[in-house]
Amino acid sequence: MKSITTKLLFAGTLISLPFLAAAIETLPNQEIQQARSLVKSFGSDLKQVLKTAMQTEGPLKALEVCNLQAKPIADKNSSVSPWNIGRTSLRVRNENNIADEWETSVLQQFEKRKKAGEDLKNMEYSEIIKSGDKSVYRYMKPIPTAGLCLTCHGTKLSNDVHDKVKALYPEDKAIGFNVGDIRGAFTLIKTLNVE
Ligand code: HEC
C-alpha cells in the first residue's frame, strides 16, 4: 500500500515538474522594462483624463468619461506598443475587465504579498507561458486605491454617484475599497511565435 502511494507521488511529481518549470520562467529584462514604461504612460493618461473631468465637470460627468474613454485610452496605448494593455480586478465594474484564470491567481498572489508587508509601489509579476508554437508574455502590476478613487470606488458613495454607477453597470462589484487597498491591476500580454 505504502509503495503504491510512493510510486503515485513520484509519478505525480514527474508529471507536474515540466509545468512548474514553465510557470517560473520570467520575462527578459528588456521586456519587463517595456511593460513598465507602457504601464506608466497608460496610467498617467487615465489619471489625467480622470482628474480633469473631476475638477472641471464633477463626478457624474467623470463617470461618463471613464465609461466612454477607458477602452479607447487602453487601445491607444496598445497601438503604439507590441503589448496589449488593459485593467482587471477581483471585483470589476465593467464585465469586460473580468480576470481570466491566470490573472485571478496573480491578483490573489498580490493580495498575499501585500498582507506580508510588501509595498505596492514596486510589486509586479511576469511569466512566459508556452502554448503550442506560441510563447505568451504576461505582466501584471497592482493599482493601489488613492483618495481620489473613493468618490466612485469607496465605501460611501453619494446617492447620485451610486445611482449613476448602477445605471451604467448594473452588475458593479467595484465599491467598498479603502485607501491603500489593491483596486485592481494593469494586465499586459504579448504573443510571440516561437521559431
Ligand atoms: C468618476 C468616477 C471614478 C473615479 C473617481 C475612479 N474610477 Fe475607476 N472606474 C470608473 C468607471 C466608470 C470604471 C469602468 C470603466 C469601463 O467601463 O471600462 C472604472 C474602472 C476602473 C478599473 C478597471 C477594472 C474594473 O473595475 O472594471 C480600475 C482598475 C479602476 N477603475 C481603478 C481606479 C483607481 C485606481 C481610481 C483612482 C485613481 C479610480 N478608478 C477612480 C469610475 C471611476
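Everything quoted here is computed from the prediction, not taken from an experiment. (Residues numbered from 1 in each chain as written. Predicted model: local features only at pLDDT ≥ 70, side-chain atom pairs only at ≥ 80, totals over all residues. Heavy atoms only, no water.)

## A few points about the environment of Thr104
Then, number 1: With respect to the helices and strands, the residue Thr104 is situated in helix α3 (residues 101-115).
Then, number 2: Overall, Thr104 belongs to the partly exposed group, its relative accessible area being 24%.
Then, number 3: For Thr104 and Thr88, which are 16 residues apart along the polypeptide, the C-alpha to C-alpha distance reads 8.9 Å.
Then, number 4: Setting aside residues no more than four positions away along its own chain, Thr104 makes contact with Leu90 and Ala99. (Helix = DSSP H or I, 4+ residues; strand = E, 2+ residues; numbered from the N terminus. Buried < 20%, exposed > 50% of the residue type's maximum accessible area, 1.4 Å probe, protein only. Contact = heavy atoms within 4.5 Å.)

## What to know about the pairing of strand β2 (residues 125-131)
Then, number 1: Where β2 and strand β3 (residues 134-144) come together, seven bridges link them in antiparallel fashion. What sits directly across from Lys130, in β3, is Ser135.
Then, number 2: From the end of β2 to the start of β3, which pair antiparallel, there are two residues, and Gly132 there has a positive phi angle of about 60°. (Pairing = 2+ DSSP bridges.)

## Thoughts on the site of the ligand
Then, number 1: Cys149, Cys152, His153, Tyr169 and Arg183 are the nearest of the 22 residues found near the ligand.
Then, number 2: Here an oxygen atom of the ligand sits 2.8 Å away from a polar atom, N or O, in the side chain of Asn94.
Then, number 3: Residue His153 places a side-chain N or O atom 2.9 Å away from a nitrogen atom belonging to the ligand.
Then, number 4: Elements with a minimum of two residues in the shell around the ligand: α2 (29-79), β3 and α4 (150-153).
Then, number 5: With seven residues, the single largest contributor to the shell around the ligand is α2.
Then, number 6: For the shell around the ligand, the class distribution of residues is 15 nonpolar, three polar and four charged. (Near = heavy atom within 4 Å. Polar contact = N/O pair within 3.5 Å; in protein donor to acceptor, adjacent residues only side chain to side chain. Nonpolar A, V, L, I, M, F, W, Y, C, P; charged D, E, K, R; others polar.)

## Digging into the pairing of strand β4 (residues 182-193)
Then, number 1: In this structure, strand β1 (residues 84-88) lies alongside β4, joined through five bridges in antiparallel fashion. For Gly86, the partnering residue across the bridge sits in β4 and is Thr187.
Then, number 2: In this structure, β3 lies alongside β4, joined through 11 bridges in antiparallel fashion. When the sheet's bridge partners are listed, Tyr137 is paired in β4 with Lys190.

## Observations regarding the pattern of salt bridges
Then, number 1: Applying the stated criterion to the full structure yields 11 salt bridges.
Then, number 2: One salt bridge connects Lys164 with Glu64, and the closest N-O pair in it is separated by 2.4 Å. In this pair, Lys164 is assigned in helix α5 (residues 159-168) and Glu64 in helix α2, connecting sequence segments 100 residues apart.
Then, number 3: Glu103 is paired through a salt bridge with Arg138; the nearest N and O atoms lie 3.5 Å apart. With Glu103 in helix α3 and Arg138 in strand β3, this pair connects stretches of sequence that are 35 residues apart. The residues Glu103 and Arg138 share a single accessibility class, namely buried. (Salt bridge = Lys/Arg side-chain N within 4 Å of Asp/Glu carboxyl O.)

## Regarding the side chain of Glu124
Then, number 1: Secondary-structure assignment places Glu124 in the loop between α3 and β2.
Then, number 2: Side-chain polar atoms of Glu124 contact the side chain of Tyr139, separated by 2.5 Å.
Then, number 3: If we ignore the near neighbours within four places in the chain, the residues touching Glu124 are Ile32, Arg36, Phe110, Arg113, Tyr139, Met140 and Pro142.

Geometric descriptors of this kind do not, in isolation, establish any biological role.
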